Amino acid sequence: RLIASSHGRWWGTAFALLFFGLLLLPDPGPIPGLRNLGFDTYQTLLPRARGAQPAVIVAIDDRSLARVGQWPWPRDVMARLVDRIAARKPAVIGVDIVFAEPDRTSPERLAVQFRDVSAELAERLRRMPSHDSIFADALARTSAVLGVIGSDTAGDGAEGFAPARIMGPPPVLQAFRAGERSLPEIDKAASGHGLFNAELENGVVRRVPLVAMVGGYPLLSLPLECLRVAAGEPFFNLQRDRSGPLRVVIGDLAVPTQSDGSLFVHYAGHSPARYLSAIDVLEGRDDPDLIAGRIVLLGVTGQGLVDQQLTPNGERLPGVEVHAEIIENVFEGSLLYRPGFAHLFEALAFALLAALAIAWVPRIPPVQSILLYLASAGLLLGGGVASYQWQLQLLDPLTPLLGLTLLHATLVLAAMMVIELERRRLAARLAIERVEAARTAGELEAARRIQTGMLPKSEVALADEKRIDLFATMRPAREVGGDL
């Protein structure tokens, strides 16, 4: 056991030092998939309880498409929808759609098609206002935020973005060369512009950039830009000190983010209570109180028209509902955050439990070793869940647990290997001793036969004498002999 203990500790210490160094790597860490599995499990088992309802989604859903017609709708219909929403006095309208192409049903485009049929009709169509200008006028009459898609290939510049002030060290934000935007006439009518993009990790939307660089300028995400416009703030601040997180400050609201300006979305899951059908708003069958004073997100949710985004809890949500989840996160203060010291904390937790294992596993019985491992695993998993549930901090227990599992396996394997080598050595020594014992036994047996052969035999010595009976015997010792 002492030999096994010594060898196991050497091997365990070498492995623990190697894995400790891997845990010190900054995010996403040595095994990003395992870390994401832990974060997803938190949200699956303990989803956010939806409390505040600051946002409502006006959805161009299947029922709306069946009544009005296929997408894209004519822009004059979109203008009427925006006017209907604006009449209900929302705080702001966030449009989760990019209108990058001219309306094909606009009168000036129809005039080209009908010029050979009726010159008079074509001329009347040309004199009518374009659908794009009608839609732009509707946007200009209310507080509306249009989306921008960050792109590394092509797009427009940063004209019209809300100004930003950077206080403290400049943050390293996700950057896009340009942004794909709506037509200039429509884009200029908006009160603000917000970023659409989300970060996909293996197809799952875990994080979204709350602020990113587009064309060299900071741009807020659509949810935060809606908050800025609703609050009437002309600009926003990016604040960061040496030790704290990056904060996006909009008036009195400070939203902490990761160092790159992103946010881990704290999902509550799909809720039909967030939705109003666009056709109900167009035809006046909705409850105006559901829109009044709230942030309205206008988006397309019809089947086949929008990509359903996979969330950590296994649901698929339209992108517009992900925006609603983010707004709820900000209002409720339920913002998930992974501290900058998290990887160091995880490495130190592993080091402490690894030292405990190296000190005791080689010295205690197997059952106690299993109990020690289970207690260590429970401490890691319980600490991660408690940090998520009560502090809204994301700590990764699975990567240190993997290292601890491999360490325990290394210690047990080392002990088994040393014990097996010792068993083989003892077996070889026992075989030699058996050969020696057999040789000695053979010599003793020969000596016994020689000594007992010296005894007189009555049938030979006194064969003719009937008056005397002769009996002789001798019992030799097993290992000690002498002369007769």
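Structural data are supplied above this passage.
The sections below set out a description of the structure shown in this document. (Residues numbered from 1 in each chain as written. Predicted model: local features only at pLDDT ≥ 70, side-chain atom pairs only at ≥ 80, totals over all residues. Heavy atoms only, no water.)

1. A few points about the sheet that holds strand β5 (residues 175-176)
The condition that has to hold: We treat two strands as partners when DSSP finds at least two bridges between them. By definition, any uninterrupted DSSP run of H or I lasting at least four residues is a helix, any uninterrupted run of E lasting at least two residues is a strand, and each is numbered from the N terminus.
Here three strands make up an open sheet; going across it, the order is β5-β10-β11 and the pairing mixed. Only two strands of the sheet have a single partner each, and these edge strands are β5 and β11 (217-220). The pairing of strand β10 (residues 211-214) with β11 spans four bridges and is classified as antiparallel. Counterpart to V214 in the pairing with β11 is Y217.

2. What about the environment of Y388?
Going by this rule: Only protein chains enter the accessibility calculation, which uses a 1.4 Å probe. A residue is then buried if its area is under 20% of the maximum for its type, exposed if over 50%, and partly exposed in between. Any pair of residues with heavy atoms lying within 4.5 Å of one another is described as a contacting pair.
Of note, Y388 is situated in helix α13 (residues 366-391). A residue is classified by how much of its surface remains accessible, and Y388, at 1% relative accessible area, is buried. Counting along the chain gives 349 residues from Y388 to F39, while the straight-line C-alpha distance between them is 8.9 Å. If we skip the residues at most four places from it in the chain, Y388 touches Y42, Q43, L46, P47, H266, L336, Q393 and L394.

3. Considering helix α11 (residues 319-332)
The α-helix advances 3.6 residues per turn, and as a result positions three or four apart in sequence lie on the same side. How we decide: Given a helix with a known number of residues, its expected span is that number minus one, times 1.5 Å.
Taking 1.5 Å per residue as the helical rise, α11 with its 14 residues ought to reach 20 Å, and the 20 Å between its terminal C-alpha atoms agrees with that figure. For α11, the buried fraction is high: twelve of the 14 residues fall into the buried class. Listed as buried for α11 are G319, V320, E321, V322, H323, A324, E325, I326, I327, E328, N329 and V330. Phi turns positive one or two residues past the end of α11, at G333, with a value near 70 degrees.

4. With respect to the side chain of R35
With respect to the helices and strands, R35 occurs in helix α2 (residues 32-45). According to the relative accessible area criterion, R35 is buried, its value standing at 4%. Beyond its immediate sequence surroundings of up to four residues, R35 is in contact with D27, P28, E201, R338, D396 and T399.

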